[in-house]
Amino acid sequence: MNVLAGAAEAQAAYSAQNYGEAFTQWKLLAERGDAAAQFNLGILYAHGQGVAQDKTLAVFWWHKAADAGNPDAAYYLGSCYAIGAGVEKDFSMAAHWFGEAAEKGQAQAQSQLGNLYWQGDGVAPDNRLAFNWWSKAAAVGVAEAQYNVADSYAAGRSVAKDDNQAFVWFSKAASQDYAPAQYELGVMYSKGIAVAVDEVKAAAWQRKAAEQGYAVAQTVLGARYAQGAGVAQSGPDAIIWWLKAANQGNADAQLSLGFAYATGKIVPRNEVTAVAWWRAAAEKGNVDAQFNLGFLYYNGVGGRPDYTLSALWLDKAAKNGSTKAQFYLNIMKQKGIL
């Protein structure tokens, strides 16, 4: 069999979405030891293209290709060990294979290896090595790595704090639609870090992140609409964006919705709805929501105080450091309510 011809036929079949033919051709080549075919065969098994999906067999073929020096296979194999797909999760093995790929210049592996060094997963934590690997990946356009380089400069973590460099790298990642970077650019424009304060630009960048479903940006965008910061003030739009974030479990958005319904300033007042959103945030440990629930129950929902529930939530807030909550607990004790 002509290896080059077989590889070309397999690639042509794959491009035409004739996955069965691609599988047949790549399997023949893979069984003859062709590392590129072994890698591609792993892709087909991983996605169930032209063959029943089998992540264990995907790992089997990626392992063969990685052993033969294929850097993309090593990266995929590292990813499998990192998340436990087709193999038991093993960060040490993930670090090994990411390292094999990273040393050969595989940019995604370099980015992920940086993450492992930063988190101390499978390797001893080392922020300097994390930054070094992120820098390699960032230089060739990996958006997540560009974000991490920017964040390192912004925080002065393992590199001298440099807001200008942070802005440069956040911008590079943001231009690739990396939502966390778009949000952080908005923060920089809002606070005037490395650039002049520009709330309109801040709002524009944070909207880009919010539209991608980034909950933190959705929460902040909701606040912008509530306050008219960089956008025209709009209570309905504030509620829309807070709801998007709150439904993803964002406690700050849930807290804001509770305030909105409790005060009735930008949406009709509804204490029952306020309680529901504050409870959602409070159960995540949000101390402000815990205090607000306790205070609302103290004064009464619908005019009916519930001192038992009030004490329960005030106590949680007090244990989380709220001096206001402790103040009301003391009042309740003094009045003999507790």
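That block above? That's the structure.
Regarding the overall build of the protein chain
The secondary structure content of the protein chain amounts to 19 helices and zero strands. In summary, the protein chain has a C-alpha radius of gyration of 27 Å against a globular reference of 20 Å for 338 residues, an excess of more than 25%. Its C-alpha atoms give the protein chain principal-axis dimensions of about 90 × 45 × 40 Å. In the protein chain, which comprises 338 residues, the proportion classed as buried is 46%. Expressed as a percentage of contacts within the protein chain between residues at least 6 apart in sequence, the contacts between residues at least 24 apart total 40%. Summed over all atoms, the accessible surface of the protein chain reaches about 15900 Å², with 51% contributed by carbon and sulfur.

A closer look at unusual backbone geometry
In this structure, Gln17 is a non-glycine residue whose phi angle is positive, near 65°. Looking at the secondary structure, you find Gln17 in the loop between α1 (3–15) and α2 (19–31). With a relative accessible area of 58%, Gln17 lands in the exposed category.

A short note on helix α7 (residues 107–119)
Quick reminder: α-helices carry 3.6 residues per turn. Residues three or four places apart thus point the same way. An ideal rise of 1.5 Å per residue puts 18 Å on 13 residues; α7 measures up with 19 Å between its terminal C-alpha atoms. When α7 is considered as a whole, its buried residues turn out to be Ala107, Ala109, Gln110, Ser111, Leu113, Gly114, Asn115, Leu116 and Tyr117. Next to the buried residues of α7 lie α5 (71–83), α6 (91–103), α8 (127–139) and α9 (143–155). Between a side-chain oxygen at the N-terminus of α7 and the backbone nitrogen of Gln108 the separation is 2.9 Å; the capping residue is Gln106. Within two residues after α7, Gly120 carries a phi angle of roughly 70°, on the positive side.

So, the packing of helix α12 (residues 199–211) against helix α13 (residues 215–227)
A pair of packed helices is captured by two measures, namely the crossing angle of their axes and the spacing between those axes. Across the interface, α12 lies against α13 with an axial gap of 8 Å and an inter-helix angle of 140°. Compared by their axis directions, α12 and α13 come out oblique. For α12 against α13, the interelement crossing comes out left-handed. Of the residues in α13, those touching α12 at Glu199, Ala202, Ala203, Gln206, Arg207, Ala209 and Ala210 are Ala217, Gln218, Val220, Leu221, Arg224 and Tyr225. For the contact of α12 with α13, the per-class residue count stands at eight nonpolar, two polar and three charged.

Brief notes about the nonpolar core
Grouped together as the largest cluster of nonpolar side chains are 64 residues, with contacts concentrated most on Trp26, Leu41, Trp62, Phe98, Val149, Tyr153 and Phe170. Leave out the neighbours within four places in its chain, and Leu41 touches Phe23, Trp26, Lys27, Ala30 and Trp61. The next biggest cluster of nonpolar side chains, apart from the first, holds 37 residues, and it includes Trp242, Ala282, Ala289 and Leu296.

Quick notes on helix α4 (residues 55–67)
The terminal C-alpha atoms of α4 lie 18 Å apart, and with 13 residues this matches the ideal 18 Å at 1.5 Å per residue to within 8%. Regarding α4, the residues found buried are Ala58, Val59, Trp61, Trp62, Ala65 and Ala66. Its side-chain oxygen placed 3.1 Å from the backbone nitrogen of Thr56, Asp54 serves as the N-cap of α4.

A word on the pattern of salt bridges
Scanning the model with the defined rule gives eight salt bridges in all. Among the ionic pairs, Lys161 bridges to Asp163, the shortest N-O distance being 3.3 Å. Take Asp163: its relative accessible area is 28%, and that puts it in the partly exposed class. Of the charged contacts, one joins Lys319 and Asp315 as a salt bridge, the two residues approaching to 3.1 Å between their closest N and O atoms. With Lys319 and Asp315 both in helix α18 (residues 307–319) and four residues apart, this pair spans about one turn of that helix. For Lys319, a relative accessible area of 67% gives the class exposed. By relative accessible area, which is 30% here, Asp315 ends up partly exposed.

Let's talk about the side chain of Gln38
The residue Gln38 is located in helix α3 (residues 35–47) in this model. Beyond its immediate chain neighbours, meaning those up to four positions away, Gln38 contacts Ala30, Gly33, Trp61, Trp62, Lys64 and Ala65.

A closer look at the packing of aromatic side chains
Under the definition given, this model contains 21 aromatic pairs. Seen in terms of ring centroids, Phe131 and Tyr153 are 5.6 Å apart; in terms of plane orientation they differ by 90°. Their pairing is edge-to-face. With Phe131 in helix α8 and Tyr153 in helix α9, this pair connects stretches of sequence that are 22 residues apart. Judged by its relative accessible area of 16%, Tyr153 falls in the buried class. Among the aromatic residues, those joined into a ring-pair cluster are Phe291, Phe295, Tyr298, Tyr307, Phe327 and Tyr328.

Quick notes on the environment of Trp169
Within the secondary structure layout, Trp169 lies in helix α10 (residues 163–174). Looking at Trp169, the relative accessible area reads 16%, which means it is buried. In this structure, the C-alpha to C-alpha distance between Trp169 and Asn70, residues 99 residues apart in sequence, is 30 Å.

Details of the packing of helix α14 (residues 235–246) against helix α15 (residues 251–263)
Between α14 and α15, whose axes approach to 8 Å, the crossing angle comes to 140°. With respect to α15, the element α14 is oriented oblique. Crossing handedness for the pair α14 and α15: left-handed. Seen from α14, the contacting residues are Ile239, Trp242, Leu243, Ala245 and Ala246; seen from α15, they are Ala253, Gln254, Ser256, Leu257, Ala260 and Tyr261.

Procedures and definitions
- Residues numbered from 1 in each chain as written.
- Predicted model: local features only at pLDDT ≥ 70, side-chain atom pairs only at ≥ 80, totals over all residues.
- Heavy atoms only, no water.
- Helix = DSSP H or I, 4+ residues; strand = E, 2+ residues; numbered from the N terminus.
- Rg over C-alpha atoms; globule rule 2.2 N^0.38 Å.
- Buried < 20%, exposed > 50% of the residue type's maximum accessible area, 1.4 Å probe, protein only.
- Contact = heavy atoms within 4.5 Å.
- Areas by Shrake-Rupley, 256 points an atom, 1.4 Å probe, with all protein chains shown as cover.
- Expected span 1.5 Å × (residues − 1).
- Polar contact = N/O pair within 3.5 Å; in protein donor to acceptor, adjacent residues only side chain to side chain.
- Axes fitted to C-alpha atoms, helices over the stretch in contact; angles between N-to-C directions.
- Parallel < 35°, antiparallel > 145°, perpendicular 65-115°, else oblique.
- Left-handed = near helix turned anticlockwise from the far one by under 90°.
- Nonpolar A, V, L, I, M, F, W, Y, C, P; charged D, E, K, R; others polar.
- Core = buried A, V, L, I, M, F, W, Y, C linked by side-chain atoms within 4.5 Å.
- Salt bridge = Lys/Arg side-chain N within 4 Å of Asp/Glu carboxyl O.
- Phe/Tyr/Trp six-rings, centres within 6.5 Å; stacked < 30°, edge-to-face > 60°.

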